[in-house]
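# Report on the structure
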Amino acid sequence: PPHRHAISVVIPTWNGRDLLEKYLPSVVAAARFHPDNEVIVVDNASQDGTAEFVHEQFPEVRLLPLEKNLGFGGGNNAGVAAARNDVVVVMNNDMRVLPDTFERLLEGFQTSPDVFAVSAQIFFSDPNKRREETGLTEGSFRAGLFRLGHLAEETHGLYPAFYAGGGSSAYDREKFLELGGFHSLFHPFYMEDTDLSYVAWKRGWQVLYQPAAVVYHEHRGTIGKRFTPAEIDAVLKRNHVLMVWKNIHSWRMLAEHFLFLWFGPIISWMAGESPTRATLAGYWGAVRHWGAAIAARWQARSLAVISDSEAMNRSQAGVYRDRFLPHRPADSRPLDILFVSPYSLYPPTHGGGVFMYQAVKALSQRHRVHVLAFVDREEELETNRHLEKYAATVECVHRPYQPRGDFLGLTPYAVRCFSSDDFRRRVQRAWCPRRQWQRE
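Throughout what follows, the structure given in this document is the object of discussion. Here, residues in each chain are numbered from 1, in the same order as that chain's written sequence. Selection of residues for local features in this predicted model requires a pLDDT of at least 70, selection of side-chain atom pairs for listing and counting requires 80 or more, and totals for whole chains, interfaces and linings are taken over all residues. Only hydrogens and water are removed before side-chain values are computed, so all heavy atoms of the structure are retained for them.

The next thing to look at is the overall build of the chain. Think of it this way: any DSSP run of H or I at least four residues long counts as a helix, any run of E at least two long counts as a strand, and we number them from the N terminus. Counting secondary structure elements, the chain contains 17 helices and 14 strands. Within the span of the chain, comprising 440 residues, buried residues form 51% of the whole. In what follows, a contact means two residues having at least one pair of non-hydrogen atoms within 4.5 Å. Of the contacts made within the chain by residues no fewer than 6 positions apart, 74% connect residues no fewer than 24 positions apart. Here the Shrake-Rupley method, with its probe set to 1.4 Å, supplies the accessible areas, and only the displayed protein chains count as covering residues. In the structure as shown, the chain presents an accessible area of about 21300 Å², 55% of it carried by carbon and sulfur atoms. Each residue is assigned to one of three classes by its accessible area relative to the maximum for its type, calculated with a 1.4 Å probe on protein chains only: buried under 20%, partly exposed between the two thresholds, exposed over 50%.

Spelled out as structure tokens, the structure:
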């Protein structure tokens, strides 16, 4: 079995001497908690004196010079292959870490031999910036493409994540190499980490988020020096399409993808581009890599042991609990009861409200009740705190006043009235009370 007591930190860099001077000291200091730890700087053929700087200022750091720039994925792959330890932390060169960050990341690998990666919580160096990335990732498949995002939500302890960010996460080195590392299909940057984590989920492994491991990121500190915003956007749109061509093997999901891929660029041309639609530029960029995508597709299919639908669901808290966490005996007491309401429970102003309010009070006498309710008015957020006298937790979500439209009219109005991504995520979290994440 792998020895998960020490870490190797891999930092790829290209002409980033100024960033290393600013951020590498915190990484070196945080890695001193164990004598077997190591820090590896992968120099992607820099021309700014990076190698000389690292040799002179950080003699304890291993320098891995490359003859040419292999990009984000290639540089990381070279560093992971050269690492001596079984857990490898892959970091951007513009990351500052807290003293206990690496120790907290290691905790995730103590929970199960099936853990593939553990992602840190991310803050920006500039506190005034909106947190575009947090480390707590979610993913779904809608309108023919992967829909990805970061959630700025509080979690307690380890939590499932859709993917581990490639610049701030720890990986099981043996598993990383078994999957082939970051795939060159997505060169020069973006989506390599999403792809790798999705392949790991389909392999039957786990990707976790550790909020106690904190890093601070100077976003696009290196990429922004070499590529324009338009070039970065073009690569991202191309890679979203390639992500599907490589990894989706469900015929139903593929049919949905090609349907929207056909109509999306036409709608974008007529009505303007949208982040949720495919574009002609993205489609054409992917077509130019068609051969490589097909070869990568066969490789991904050979590694998969579960279906796409199962892999998509396993990063959801409730499904993750059912698949990976130990279950309590059916006759154990007290129970954890999720009590979901379509409207405010307090004050109880009608028959249904009275019934549910009394039910919460009665159930709470013997069990732990977790209330999750829709509310229609701001003041109801405060009045429902009265339920905290009885329930273990109380959460309220504003019900959408104008339900999202349905172009084909197939979704009933009553369903759309309560369609809320926020509520859906809270249901998933509520299925896994905080103490459930502590393995027994």
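Now, onward.
Here the focus is the packing of helix H1 (residues 17–30) against helix H2 (residues 50–57). Viewed as axis vectors pointing N to C, H1 and H2 meet at an angle of 25 degrees, and their least axial separation amounts to 9 Å. If you check the angle between H1 and H2, you find them roughly parallel. Considering how the two elements wind past one another, H1 and H2 form a crossing that is right-handed. In this structure, H1 uses Arg17, Leu20 and Glu21 to contact H2, whose residues at the interface are Thr50, Phe53 and Val54. For the contact of H1 with H2, a count of residues per class yields three nonpolar, one polar and two charged. Axis definition: a line fitted to C-alpha atoms, limited for helices to the stretch in contact. Angles are taken between N-to-C directions and run from 0 to 180 degrees. Each angle receives one of four descriptions, namely roughly parallel if under 35 degrees, roughly antiparallel if over 145, roughly perpendicular if within 65 to 115, and oblique otherwise. The crossing is said to be left-handed when, going from far helix to near helix, the turn is anticlockwise and less than a right angle, and right-handed when the turn is clockwise. Gly is put with the polar residues, along with every residue not named as nonpolar or charged; the nonpolar set is Ala, Val, Leu, Ile, Met, Phe, Trp, Tyr, Cys and Pro, and the charged set is Asp, Glu, Lys and Arg.

A few words on H2. Listed as buried for H2 are Thr50, Ala51, Phe53 and Val54. Seen from one end, H2 has its buried residues packed into an arc of 165 degrees, which puts them on one side. Exposed residues pointing more than 90 degrees away from the buried face of H2 are listed as His55 and Glu56. Its buried side turned inward, H2 meets strand S1 (7–13), H1, strand S2 (38–43) and strand S3 (62–65). Note: the arc covers the axis-to-C-beta directions of the helix.

Over its 14 residues, helix H11 (residues 290–303) extends 20 Å from the first C-alpha to the last, a length consistent with the 20 Å expected when each residue adds 1.5 Å. When H11 is considered as a whole, its buried residues turn out to be Ala293, Ala296, Arg297, Ala300 and Leu303. Relative to the axis of H11, the buried residues are bounded by an arc of 125 degrees and lie together on one face. Exposed side chains of H11 directed beyond 90 degrees from the buried face belong to Trp298 and Ser302. Expected helix span is given by 1.5 Å per residue-to-residue step, counting one fewer step than there are residues.

The omega torsion of the bond from His187 to Pro188 falls at 15 degrees, within 30 degrees of zero and hence cis. In this fold, Pro188 is placed in the loop between helix H5 (173–178) and helix H6 (192–202). Residue Pro347 is bonded to the preceding Tyr346 through a cis peptide linkage, with omega at 0 degrees. Counting through the fold element by element, Pro347 comes out in the loop between strand S12 (336–341) and helix H14 (351–364). Residue Ala143 is not a glycine yet carries a positive backbone phi of 55 degrees. Relative to the assigned elements, Ala143 resides in the loop between strand S7 (137–142) and strand S8 (145–150). At Tyr190, a position not held by glycine, the phi torsion is positive, near 75 degrees.

Take the side chain of Gln428 next. For Gln428, the location among the structural elements is in helix H17 (residues 421–430). Polar contacts, as used here, are pairs of N or O atoms within 3.5 Å; protein pairs need one atom able to donate a hydrogen and one able to accept it. Residues neighboring in sequence count only if both atoms are side-chain atoms. Among the polar contacts made by the side chain of Gln428, one reaches the main-chain amide nitrogen of Gly318 at a distance of 2.7 Å. Discounting chain neighbours no more than four positions away, the residues touching Gln428 are Gln316, Ala317, Gly318 and Val319.

One can find Ser169 in strand S10 (residues 168–172). Given a relative accessible area of 0%, Ser169 falls into the buried group. At 3.5 Å, the side chain of Ser169 forms a polar contact with the side chain of Ser119. A polar side-chain atom of Ser169 sits 2.7 Å from the main-chain carbonyl oxygen of Gly165. Those residues within four positions of Ser169 in sequence are excluded, and the remaining contacts are Val88, Val89, Val90, Val118, Ser119, Ala120 and Ala164.

Next up on the list: the packing of aromatic side chains. Geometrically, a pair of aromatic rings is defined through the distance of the ring centres and the angle of the planes. To pair, rings of Phe, Tyr and Trp, with the six-membered ring standing in for Trp, must have centres within 6.5 Å; the planes then decide the type, stacked if under 30 degrees apart, edge-to-face if over 60, and tilted in the middle. Under the defined criterion, the tally for this structure stands at 21 aromatic pairs. On the numbers, 6.0 Å between centres and 90 degrees between planes, the contact of Tyr171 with Phe182 is edge-to-face. Pair noted here: Tyr171 is in strand S10 and Phe182 is in the loop between H5 and H6, with a separation of eleven residues, a long-range link. The class of Tyr171 is buried, set by a relative accessible area of 1%. On the basis of relative accessible area, Phe182 is assigned to the buried category, the value being 2%. Centre to centre, the rings of Trp245 and Phe258 are 6.5 Å apart; their planes meet at 20 degrees, and the pair counts as stacked. Taken together, the residues Trp245 in helix H8 (residues 229–247) and Phe258 in helix H9 (residues 251–271) connect sequence positions 13 residues apart. Taking the relative accessible area as the measure of exposure, Phe258 reaches 39% and is therefore partly exposed. Grouped by ring-pair contacts, the aromatic residues Phe72, Phe116, Tyr171, Phe176, Phe182 and Trp205 constitute a single cluster. Comment: the charge-over-ring label is applied if NZ (Lys) or CZ (Arg) is within 6 Å of the ring centre and within 35 degrees of the ring normal. The ring of Tyr216 is capped by Arg96, whose NZ or CZ atom sits 4.3 Å from the centre of that ring.

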